[in-house]
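Structure assessment
Now for the letters of each chain:
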Amino acid sequence: MSSYPASLLDVSLQPGKPPIVQVEAPAGAVPWAAEHRDALRTVVNEHGSALVRGLRLRDTTEVAGVFGRLANGLMAEREAFAPRAVYSDGVYSSTKWPANQQMCMHHELSYTLEFPGLMMFACLSAPTQGGATTVSDSPTVLDALPADLVARFAQEGWLLTRNYNDEIGASYAEAFGTEDRAAVENYCQANAIEFEWQPDGGLRTRQRRYAVVRHPVTGQRCWFNQVAFLNEWTLDPEVREFLIEMYGEDALPFNTRFGHGDAIGEDVVEELNRVYTAHTMREPWQAGDLMLVDNIRCAHSREPFDGPREVLVALADTVRLADLQAAQ
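Residues numbered from 1 in each chain as written. Predicted model: local features only at pLDDT ≥ 70, side-chain atom pairs only at ≥ 80, totals over all residues. Heavy atoms only, no water.

**Some remarks on the sheet that holds strand 1 (residues 10-12)**
Heads up, the condition is: If DSSP finds at least two bridges between two strands, the strands pair. Strands are runs of DSSP state E lasting at least 2 residues, helices are runs of H or I lasting at least 4, and numbering of each runs from the N terminus. For helices, the fitted axis covers only the stretch in contact; all axes are lines through C-alpha atoms, and the angles between them, taken along N-to-C directions, range from 0 to 180 degrees. Residue contacts are counted whenever heavy atoms from the two residues lie within 4.5 Å of one another.
One open sheet accounts for eight strands, arranged 1-2-3-17-7-20-5-4; its pairing is mixed. Lying at the two open borders of the sheet, with one neighbouring strand each, are strand 1 and strand 4 (86-88). Averaged over neighbouring strand pairs, the angle between their axes works out to 25° when direction is ignored. Here two bridges tie strand 5 (residues 91-93) to strand 20 (residues 310-320), and the two strands are oriented antiparallel to one another. Looking at strand 20, one finds that Ser93 is bridged to Leu312. Set on the sheet, helix 1 (residues 29-47) makes contact with strand 1, strand 2 (20-22), strand 3 (49-53), strand 7 (114-125), strand 17 (290-294) and strand 20; between it and strand 3 the angle comes to about 145°. With respect to the sheet, helix 2 (residues 60-70) is in contact with strand 4, strand 5, strand 7, strand 17 and strand 20, its orientation differing from that of strand 7 by roughly 145°.

Right under this line is the structure:
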């Protein structure tokens, strides 16, 4: 990232909040983004995230223009765990997740071999209550976790199991962007994903990934995974019980394990979520806000909310897992 001086922007640093950049954009949000791109990305490079207030983003066309000016390239999502609406190339709705449920902290697409280095969010309609996109600093989380747990995940990595069907979550056609089984198989083989077609036409996959990595710019050790988010014990208890009753423990839509295949206990997931909660930074959305998140340096989540909420999302700056160093 650029070393353009972040001091050219008005950055407010307050405990418990992400960095907030207050701006004025009399010529419009898109020209502002083009002019201040390097300075804003420097803020994100230094702090892991930035909430930009004052752009007064109004519609999807303007948001797409801002995303395009700020990114080094937008990604098409693959292996999604839930459907999104597509507004334009690389511009999506936020994930369809029940409004009354907390979304656990996670690093977007950390189970893929290519994932976004930068997440961008734009709020067109703010909820009446809740609904913040919260962030948590990954090196800080790593230092707060039990050392023996970190050491095990650093050595083994983590394992994601998925069962795709047409009843819950994303179907394999939605996740892989095609209904062609041969194309899905080719994708899995090219992306280190074990797969097995089920008698009912569904698909079961397994993939092992790093859990702790070195940040490609700063070299910091980062807790980088979706171990807690995609684990059965993070689900609402009633939802988990229903899914197990419907599908069985081995056929849950998604679940995570230690890298060698051992089950992850409820106590481990509770500890992960406890540490995330202790180190969560939040600022309520206001309509027109923009937020940038370094997807390796920071995990992000979404809080429960009331009222309408429209937040657009872009996945940007592709990073290849093969280019990262697993951190021991």
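**Comments concerning the side chain of Asp289**
Basically, it comes down to this: The definition of a polar contact used here is a pair of N or O atoms within 3.5 Å, where within protein one atom must be able to donate a hydrogen and the other to accept one, and adjacent residues in sequence count solely through side-chain atom pairs.
By the element assignment, Asp289 lies in the loop between strand 16 (280-281) and strand 17. A polar side-chain atom of Asp289 sits 2.9 Å from the main-chain amide nitrogen of Gln286. Once you skip the residues sitting within four places of it in the chain, Asp289 turns out to touch Leu51, Val52, Arg53, Leu57, Phe121, Ala122, Cys123 and Pro284.

**Notes on the environment of Phe195**
Mapped onto the secondary structure, Phe195 falls in strand 11 (residues 194-197). Taking the C-alpha atoms as reference points, Phe195 and Ala211, 16 residues apart in sequence, are found 21 Å from one another. Not counting chain neighbours up to four residues away, the residues in contact with Phe195 comprise Glu185, Cys188, Gln189, Leu203, Arg204 and Thr205.

**Comments concerning the sheet that holds strand 9 (residues 133-137)**
Spatially, 6-18-9-16 is the arrangement adopted by the four strands of the open sheet, whose pairing is antiparallel. Each edge of the open sheet is held by one strand with a lone partner, namely strand 6 (103-106) and strand 16. Bridge analysis of strand 6 against strand 18 (residues 298-302) gives two bridges, and the strand direction is antiparallel. Counted as the bridge partner of His106 is His300 from strand 18.

**Let's talk about the pattern of salt bridges**
Defined as follows: Here, a salt bridge means any side-chain nitrogen of Lys or Arg that lies within 4 Å of a carboxyl oxygen of Asp or Glu. Burial classification: accessible surface area is computed with a 1.4 Å probe over protein chains only, and a residue below 20% of its type maximum counts as buried, one above 50% as exposed, and the rest as partly exposed.
Under the defined criterion, the tally for this structure stands at 16 salt bridges. Across the pair Asp323 and Arg320 runs a salt bridge whose closest N-O atoms are separated by 3.2 Å. The exposure class of Asp323 is exposed, given its relative accessible area of 56%. The class of Arg320 is partly exposed, set by a relative accessible area of 41%. One salt-bridge network, in which partners are shared between bridges, spans Lys17, Arg53, Glu283 and Asp289.

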